[in-house]
Amino acid sequence: MADSIMAVTSTQTAETHHEDPALKHQFDTPEQQYGASMFGMWLFLSTEIMMFGGLFLGYIVYRALYPQAWHEATLHQDWIIGGINTLVLITSSFTVALSIYGAQTNRKKLTVWCLLLTILLAFVFLVNKYIEYSAHYHEGLLPGKWFNTVEYSRQTELFMLFYFVMTGLHGIHVLVGILILSYIAYKAWKNTFHSEYYTPLEVSGLYWHFVDIVWIFLFPLLYLMGGVSFGGGH
Amino acid sequence: MTVSHDASGEAVLEHEENIVGHLHHVVSWQTYLAVYIALLFLTVITVLVATVHLGEFNTIVAMSIAVVKMLLVLLFFMHVRWSGSVLRMVVVAGFIWFAIMVVLTMSDYASRHWDQGGSAAPNVPGVAPVVQQVNSEQSNH
């Protein structure tokens with residue numbers, strides 16, 4: 001009884017493999033393969049939550065210990081550049097979502113152009129980050145031997161340490177995202193994706209949206225906590 | 001769903017849809033656009049609220065807006081709204097574990113006996129007065 005069922009299943013699998021070149025041999029159906037990819041990606045994103053979570057926890061603890069210093073240190077941030085970068089990342093999330101829509105509706109040009117636009121926006125984000133980092137360096141806000149201990153308190157240095165580690169780790173994620181999306185854009189250009197198969201595109205999109213979500217929290221925590229004024233970004 | 005199967009194949013398909021969600025669920029570009037505009041709007045709101053001094057309420061509002069923005073991205077851009085039970089469990093588990101980490105750590109910090117002066121924070125970052133107290137007790141013996 002069991003043997004006959006096994007035999008039937010294996011013939012089905014062999015047939016399916018002939019039909020669908022995107023289906024890897026260890027999976028029975030495209031649905032199963034898709035489910036495994038999505039489950040694996042979400043597990044990875046959970047570990048990412050915990051990695052950034054450790055930094056967010058450190059931020060919360062020291063904000064509770066030094067509320068005044070945290071308040072003042074936020075005033076050294078340029079909220080205009082931070083705000084522009086927020087809009088840039090949100091826009092890039094939108095374009096990634098549209099690129100998946102393009103694959104689902106077999107619009108290759110839409111997919112490729114949206115991915116290229118996303119990569120461009122990611123570079124804009126990193127350029128803005130570079131402008132910010134160099135400004136901090138020249139103002140003596142880079143922790144360590146570069147830090148201006150005469151003008152700023154040690155607690156401000158601690159805040160800046162969190163700032164650089166959190167935005168730095170996030171920036172590395174943006175950099176990795178550029179590499180992943182470039183590869184995906186190349187695959188899309190080579191007609192790899194269509195309405196029946198676009199899992200790598202969707203999984204990469206999940207990664208990019210996660211990077212966006214991290215920034216959605218970093219922006220208010222690192223730029224807005226001290227309040228902002230329209231008299232100037234500084 | 002364009003993939004056709006025989007009776008046993010369909011049974012597998014339905015089962016897996018319940019776990020990870022629908023394969024090839026197409027979300028319209030109008031939905032994406034609406035979510036995008038909402039995210040832009042909330043970003044402007046969060047900056048505008050920061051210009052008003054509301055004390056600790058500023059933090060609460062800023063974090064609430066950030067959570068709403070996160071939910072919009074999760075549910076619509078990341079398709080959690082249309083995903084199955086197993087994927088939702090993984091998503092929720094990630095945030096629950098983070099919440100456990102924060103709550104346990106902060107309950108320690110909030111209930112810790114810092115120093116005799118009763119100030120909420122030590123003067124030197126990274127050096128807790130509790131450690132200094134233990135050292136002085138040891139030297140007395």
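What counts, and at which threshold
- Residues numbered from 1 in each chain as written.
- Chains lettered and ligands numbered in written order.
- Predicted model: local features only at pLDDT ≥ 70, side-chain atom pairs only at ≥ 80, totals over all residues.
- Helix = DSSP H or I, 4+ residues; strand = E, 2+ residues; numbered from the N terminus.
- Buried ≥ 20, exposed ≤ 12 C-beta atoms within 10 Å, placed from the backbone.
- Core = buried A, V, L, I, M, F, W, Y, C linked by C-beta atoms within 7 Å.
- Contact = placed C-beta atoms within 7 Å.
- pLDDT = per-residue confidence, 0-100.
- Nonpolar A, V, L, I, M, F, W, Y, C, P; charged D, E, K, R; others polar.
- Arc of directions from axis to C-beta.
- Axes fitted to C-alpha atoms, helices over the stretch in contact; angles between N-to-C directions.
- Parallel < 35°, antiparallel > 145°, perpendicular 65-115°, else oblique.
- Left-handed = near helix turned anticlockwise from the far one by under 90°.
- Expected span 1.5 Å × (residues − 1).

Before we move on, could you go through the overall build of chain A and cite the residues and values that matter?
Within chain A, the secondary structure is distributed over seven helices and zero strands. Secondary structure elements of chain A, listed N to C terminal, follow the sequence α-α-α-α-α-α-α. Counting all 234 residues of chain A, 38% fall into the buried class.

With reference to specific residues and values, describe the nonpolar core.
Side chains of a nonpolar character, in soluble globular proteins, are inclined to be buried together. Core analysis: the biggest nonpolar cluster contains 74 residues, and Leu115, Phe159, Leu218 and Leu224 of chain A have the highest contact counts within it. Listing elements by their share of this core, those giving two or more residues are helix H2 (30-65), helix H3 (67-74), helix H4 (79-104), helix H5 (108-138), helix H6 (154-189) and helix H7 (199-224) of chain A together with helix H2 (29-51) and helix H3 (56-77) of chain B. Element by element, the count of residues in this core is highest for H7 of chain A, at 16 residues. The residues contacting Leu224 of chain A, other than those within four sequence positions of it, are Trp79 and Phe219 of chain A together with Thr46, Val47, Ala50 and Ala62 of chain B.

If you had to explain the confidence of the model for chain B to someone new, which residues and values would you point to?
Residue and element names in this part refer to chain B. Per-chain confidence: chain B averages 77 in pLDDT, with 65% of residues scoring 70 or above. Confidence, read as mean pLDDT per element, is least for helix H5 (residues 129-140) in chain B (44) and greatest for H2 (94). Confidence over residues 1-8 falls short of pLDDT 50; this stretch has four contacts with residues more than four positions distant or in other chains. The model gives residues 127-141 a pLDDT under 50, and that stretch makes seven contacts with residues more than four places away or in other chains. Model confidence for the complex is summarised by a pTM of 0.82, with the ipTM given as 0.86.

Let's hear about the interface of chain A and chain B: which residues, and what values?
Listed as interface residues are 52 residues of chain A and, on the opposing side, 49 residues of chain B. Elements that contribute at least two residues to the side of chain A that touches chain B include exactly H2, H4, H6 and H7 of chain A. Broken down by element, the residue count for the side of chain A that touches chain B peaks at 19 residues, all from H2 of chain A. Considering only residue class, the side of chain A that touches chain B consists of 32 nonpolar, 16 polar and four charged.

Any chance you could break down H3 of chain A for me, citing the residues and the numbers?
Residue and element names in this part refer to chain A. Within H3, the full set of buried residues consists of Ala69, Trp70, Ala73 and Thr74. Down the axis of H3, the buried side of the element spans an arc of 130°, and every buried residue falls inside it. Of the surrounding secondary structure, the elements contacted by the buried residues of H3 are H2, H6 and H7.

Before we move on, can you summarise the packing of H5 of chain A against H6 of chain A with the specific residues and values?
Residues and elements named next belong to chain A. Where H5 contacts H6, the axes come no closer than 9 Å and their chain directions differ by 155°. In this view, H5 runs roughly antiparallel relative to H6, as classed from their interaxial angle. In terms of crossing hand, the pair formed by H5 and H6 is left-handed. Mapping the contact onto sequence places Lys108, Thr111, Val112, Leu115, Leu116, Thr118, Ile119, Ala122, Phe125, Leu126 and Lys129 in H5 and Thr167, Gly171, Val174, Gly177, Ile178, Leu181, Ser182, Ile184, Ala185, Ala188 and Trp189 in H6. Its residues assigned to classes, the contact of H5 with H6 shows 14 nonpolar, six polar and two charged.

Lay out unusual backbone geometry in plain terms, naming residues and giving numbers.
In this structure, Asn106 of chain A takes a positive phi of about 60° despite not being glycine. As for its position among the elements, Asn106 of chain A is in the loop between H4 and H5. With 12 C-beta atoms packed within 10 Å, Asn106 of chain A lands in the exposed category. The backbone of His79 of chain B shows a phi angle near 65°, a positive value even though the residue is not glycine. Looking at where His79 of chain B falls in the secondary structure, it is placed in the loop between H3 and helix H4 (85-111).

Give me the lowdown on the packing of H3 of chain A against H6 of chain A, citing residues and values where you can.
All names here are of chain A. For the pair H3 and H6, interaxial distance at closest approach is 9 Å and the crossing angle is 65°. By crossing handedness, the relation of H3 to H6 is classed as right-handed. Along the contact surface, H3 presents Ala69, Trp70, Glu72 and Ala73, while H6 presents Gln155, Thr156, Phe159 and Met160. Across the contact of H3 with H6, the residue classes break down as five nonpolar, two polar and one charged.

How would you summarise H5 of chain A if you had to cite specific residues and measurements?
Residue and element names in this part refer to chain A. For H5, spanning 31 residues, the distance from its first C-alpha to its last is 46 Å, which sits close to the expected 45 Å at 1.5 Å a residue. Turning to H5, its buried residues are Thr111, Val112, Cys114, Leu115, Thr118, Ile119, Leu121, Ala122 and Phe125. Residues of H5 that are buried make contact with H4, H6 and H7. The positive-phi residue at the C-terminal boundary of H5 is Gly140, with phi of around 75°.

Got a sec to walk through the environment of Thr167 of chain A? Specific residues and values, please.
All names here are of chain A. Take Thr167: it is sitting in helix H6. For Thr167, a count of 20 C-beta atoms within 10 Å gives the class buried. For the pair Thr167 and Leu55, spaced 112 residues apart in sequence, the C-alpha separation works out to 10 Å. Excluding anything up to four places from it in sequence, Thr167 contacts Lys129, Leu218 and Leu222.

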